[in-house]
Every structure is written in C-alpha cells, then in structure tokens.
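# Coordinates in review
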Amino acid sequence: MALRAWRGLWLAALLACGTAQAQAQTPEEAAVMKRAADLRETPAETGRSLAALPAQAPITRLGGRQGPWVQVRSEAGATGWVHLFDVGPASGGAGSNSGNAATGALRGITSLFSKGGTQRTATTPTSTIGIRGLGAEDLAQAQPNAAAVAQMEGLRQSEGQAREFARDASLAQVNVQPLPAPVRPAGGAARNAEQLP
C-alpha cells in the first residue's frame, strides 16, 4: 500500500513538473538570485551554461516558464533559464533562512525529473520567501516526462523484494487498527452552521 502512495506522489510530481511552457503572471519582474547558479541556455540542468549568477545577483524575471524553470535576464543582459527555486523577489531576497531544507529538497525532486536522476546537484539552503507555485494553467498544460516515468518503473519492487528488504533491515510487521469512521452530526450542514461560534 505504501508503494501505491509513493507512486501516486511521484506521478503528481511528474505532472506538476512537466515540460509544458506557461507564461508567468507578469511579463517582467525584478528579482534576485537566492543562491549561486548557472544561467542555462535551455530549461534543464543539462543546458549549456551561459553565465554564472552569484547569490544576491539582481536579475529580471521574464515571462517564459517551462516546468520548474523560469526565463530571466542577467544584469549584463544575457537571457537564459534558471530553476524557480533559485529565484527570489527583489525585496527581501536575503530573507529568513527558515524553510531552507524544504527548498533544497523540492529543487532536488524537480531536478530528478528533468535530468533522469543520475546526477546529484549540490544545493545551498535558501529562503522560500516569494516562490510562486504552479497555477491551474501550468497543471492543465503539463506534459508527463516519459523518461522519469520509465526510471520510476525501473525502481519498482515486488512484494517479495519488499519483504526481503524488511527482513534484512530487521523490520517487524505491526498490525494497526483502522481509524474509526468520523461521527456525522444529525441535521446536516444547516445545523452545523448554527453550532459554530
């Protein structure tokens, strides 16, 4: 059952991080680099590096977006792509360090889908202030990454392999009682609304 839940999570991430191109909400927006990163020619970790952008470098966020990649223009005028988790708002770009681990983890997950997961990218923890999520239009236009799906399928384990892993790790089976069904109040939604403070 846990395997099904993970598979569902992976597929949801694939859809969210597909290669569909969507426009950003604003045509151009001042921003800063939250961490040092390369300005890429194409929206992928494998894209040719056009320039190195240091942390806190001012950039202009353009309207282009493909999956987790956003199109930007450097202060020197070079136009290319950076990962959306490396970009922060111009105001408060240095911001708080809360959520640094989550930002690095999310960037790692999206990198897995865009480059096949065979390479690891060193990431520097950063702030999550000002990150835009994927909107309904992004999700509607998303396309699955067939290579990532094939990689995920290649990692599939059988029940026998899972049991062997559990045995080798000295894991023990535990029976857990299901949660009781929630009690539904009589009288419907109107009665519930009257009971609210």
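Quick look at the structure, then.

The rules behind the values
Residues numbered from 1 in each chain as written. Predicted model: local features only at pLDDT ≥ 70, side-chain atom pairs only at ≥ 80, totals over all residues. Heavy atoms only, no water. Helix = DSSP H or I, 4+ residues; strand = E, 2+ residues; numbered from the N terminus. Buried < 20%, exposed > 50% of the residue type's maximum accessible area, 1.4 Å probe, protein only. Salt bridge = Lys/Arg side-chain N within 4 Å of Asp/Glu carboxyl O. Core = buried A, V, L, I, M, F, W, Y, C linked by side-chain atoms within 4.5 Å. Contact = heavy atoms within 4.5 Å.

For Q56, which is not glycine, the phi dihedral falls at a positive 70 degrees. With respect to the helices and strands, Q56 occurs in the loop between β3 (49–53) and β4 (58–66). Although it is not a glycine, S170 sits at a positive phi angle of roughly 60 degrees. Structurally, S170 is set in the loop between α5 (159–168) and α6 (188–195). In this structure S170 comes out as exposed when scored by relative accessible area, which is 65%.

One pass over the full model with this rule turns up 8 salt bridges. Measuring nitrogen to oxygen at the nearest pair gives 3.3 Å for the salt bridge that ties E28 to R73. On the criterion of sequence distance, the pair formed by E28 in the loop between α1 (2–16) and β1 (29–33) and R73 in strand β5 (residues 69–74) is long-range, its members being 45 residues apart. One salt bridge connects E153 with R156, and the closest N-O pair in it is separated by 2.2 Å.

All right, on to the nonpolar core then. M33, L53, I59, V70, V72, V82 and V87 are the most contacted members of the largest nonpolar core, which has 13 residues in total. Elements supplying a minimum of two residues to this core: β1, β2 (37–40) and β5. Once you skip the residues sitting within four places of it in the chain, V82 turns out to touch M33, D38, L39, L53, P68, W69, V70, V72 and V87.

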